[in-house]
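Notes for the structure review
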Amino acid sequence: LYKPVGDLRSPICCILGHVDTGKTTLLDKIRNTNVQEGEAGGITQQIGATFFPAKKLKEELIKTQQFYQVDCNIPGLLIIDTPGHESFSNLRTRGSSLCDLAILVIDLMHGLENQTLESLELLKMRKTPFIIALNKIDRCVEWKNKKNASSYYQLQNQTKNCKMDYETKRQQVITQLAEKGFNVAFYWENEDPKTYISVVPTSGFTGEGIPDLLSVIVKYTSVYMKNKIKVKEQFNCTVLEKKVTEGHGTTIDCLLIDGQIKKDDKIILAGFQGPIVTKVRALLTPHPMKEMRVKGEYIHHDVIYASMGLKISAVGLEDAMAGSQMYLANTQEDIDKATEIINNE
Ligand code: GTP
Ligand code: MG
Ligand code: NA
């Protein structure tokens with residue numbers, strides 16, 4: 001379905017931040033969905049994944065092209081949503097360890113909060129490149145919004161009062177970041193994104209800044225991470241969640257990072273009673289721009305190429321362990337090698 005373009009796969013981006021900074025709402029605006037409203041207590045409790053095809057990215061990139069040139073030469077973008085609530089630090093660790101680039105969401109009204117600091121530590125420790133979405137700009141006084149517009153233009157179109165309010169608040173956040181040793185620059189004036197962390201003002205409420213956010217992600221990954229997102233043959237796939245899916249029994253939601261997987265492939269993965277060897281019965285993905293963790297329609301595939309979030313249905317997954325690595329097991333040699341790795345974990 002989504003084959004690699006040239007020699008590049010879709011980059012994997014992980015969205016991180018303190019609870020209620022607006023991570024899921026931002027994704028909802030890009031997807032045109034209402035996932036956040038369906039969450040218990042408005043709290044994300046699972047890792048999610050959404051695929052954005054190049055066509056969608058190009059539509060957004062047009063809105064910034066007058067001042068920020070980006071060519072979209074990637075097949076798409078896979079965004080991993082994570083919970084911000086303090087009790088899910090294992091999921092933040094898992095999500096951030098699987099991504100090429102992270103988006104750290106900071107609430108402009110609140111500045112750095114506990115899980116912002118935790119996320120910054122995680123990113124620093126793993127040397128994960130990241131950008132910052134400075135979210136909820138619509139809460140500045142007298143904000144005049146224009147749905148889904150570039151925030152670069154929108155910030156120039158505000159009243160004097162609004163601009164002053166915004167300047168004060170953004171300066172507070174920048175100072176807090178500098179105190180933690182992070183040097184940042186607004187993306188439109190950032191000449192050196194490998195040294196200065198790009199900041200993108202956004203609103204998940206109005207969609208302002210979405211074109212900017214996607215432009216920065218596409219540019220960062222396709223210009224500065226070309227090597228990292230080169231297509232690799234080596235199979236690399238992680239189990240994100242195990243769940244019962246209507247009509248499919250126990251399934252696993254996976255993240256295919258490199259390589260490809262086919263229907264009827266034999267797979268091996270860690271189970272609570274030892275390694276599970278089974279055969280892919282159905283290879284499913286949600287539709288593009290739909291959240292994988294939300295119940296919906298699934299597309300059946302014969303083969304899936306990295307990077308992609310996918311659901312696998314197979315016999316014997318009741319026992320599967322979320323967070324573990326999955327291996328192909330088409331030969332006895334594959335099985336022996338993987339069994340040894342799993343048993344030594
Ligand atoms: P967790 O996943 O639970 O950590 O939260 P989250 O970061 O995904 O935040 P969520 O999308 O659940 O949004 C939290 C609340 O903030 C909701 O009530 C949203 O409507 C609101 N919100 C999100 N983004 C914005 C924004 O840009 N502006 C305003 N005014 N409200 C926002
Ligand atoms: Mg959320
Ligand atoms: Na929330």
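For clarity, every value in this text was computed on a predicted model and none was experimentally measured.

This brings us to the coordination of the magnesium ion (ligand 2). At the metal site, the magnesium ion (ligand 2) is ligated by Thr24 (OG1) and Thr44 (OG1), and these contacts range over 2.0 Å. Between the magnesium ion (ligand 2) and the sodium ion (ligand 3), the interatomic distance is 4.5 Å. Note that threonine 24 is positioned in helix H1 (residues 23-31) and threonine 44 in the loop between H1 and strand E2 (48-53), a separation of 20 residues in sequence. For the pair threonine 24 and threonine 44, one class covers both residues: buried.

When the charged atoms of two side chains with opposite charge come close together, those side chains can pair. As enumerated under the stated definition, the model contains 18 salt bridges in all. In this structure, arginine 9 engages aspartate 100 in a salt bridge whose closest nitrogen and oxygen atoms are separated by 3.0 Å. Taken as a pair, arginine 9 in the segment before strand E1 (12-17) and aspartate 100 in the loop between helix H3 (89-97) and strand E4 (101-107) lie far apart in primary sequence, 91 residues in all. Take aspartate 100: its relative accessible area is 3%, and that puts it in the buried class. Of the charged contacts in the structure, one is a salt bridge between lysine 56 and glutamate 60, with a shortest N-O distance of 3.1 Å. Of the two residues, lysine 56 and glutamate 60 are both situated in helix H2 (residues 54-61); the distance of 4 residues between them amounts to about one turn of the helix. Each of Asp28, Arg31, Glu39, Asp81, Glu291 and Arg293 takes part in one network of salt bridges that share partners.

All right, on to the packing of H2 against helix H7 (residues 210-224) then. Remark: H2 packs on H7, axes separated minimally by 8 Å, with the N-to-C direction vectors making an angle of 115°. In terms of crossing hand, the pair formed by H2 and H7 is left-handed. Here Leu57, Glu60 and Leu61 of H2 come into contact with H7, specifically with Ile210, Pro211, Leu214, Ser215 and Val218. In the contact of H2 with H7, the residues fall into 6 nonpolar, 1 polar and 1 charged.

What counts and how
Residues numbered from 1 in each chain as written. Chains lettered and ligands numbered in written order. Predicted model: local features only at pLDDT ≥ 70, side-chain atom pairs only at ≥ 80, totals over all residues. Heavy atoms only, no water. Donors = N, O, S within 2.8 Å, 3.2 Å for Na, K, Ca; no water. Helix = DSSP H or I, 4+ residues; strand = E, 2+ residues; numbered from the N terminus. Buried < 20%, exposed > 50% of the residue type's maximum accessible area, 1.4 Å probe, protein only. Salt bridge = Lys/Arg side-chain N within 4 Å of Asp/Glu carboxyl O. Axes fitted to C-alpha atoms, helices over the stretch in contact; angles between N-to-C directions. Left-handed = near helix turned anticlockwise from the far one by under 90°. Contact = heavy atoms within 4.5 Å. Nonpolar A, V, L, I, M, F, W, Y, C, P; charged D, E, K, R; others polar.

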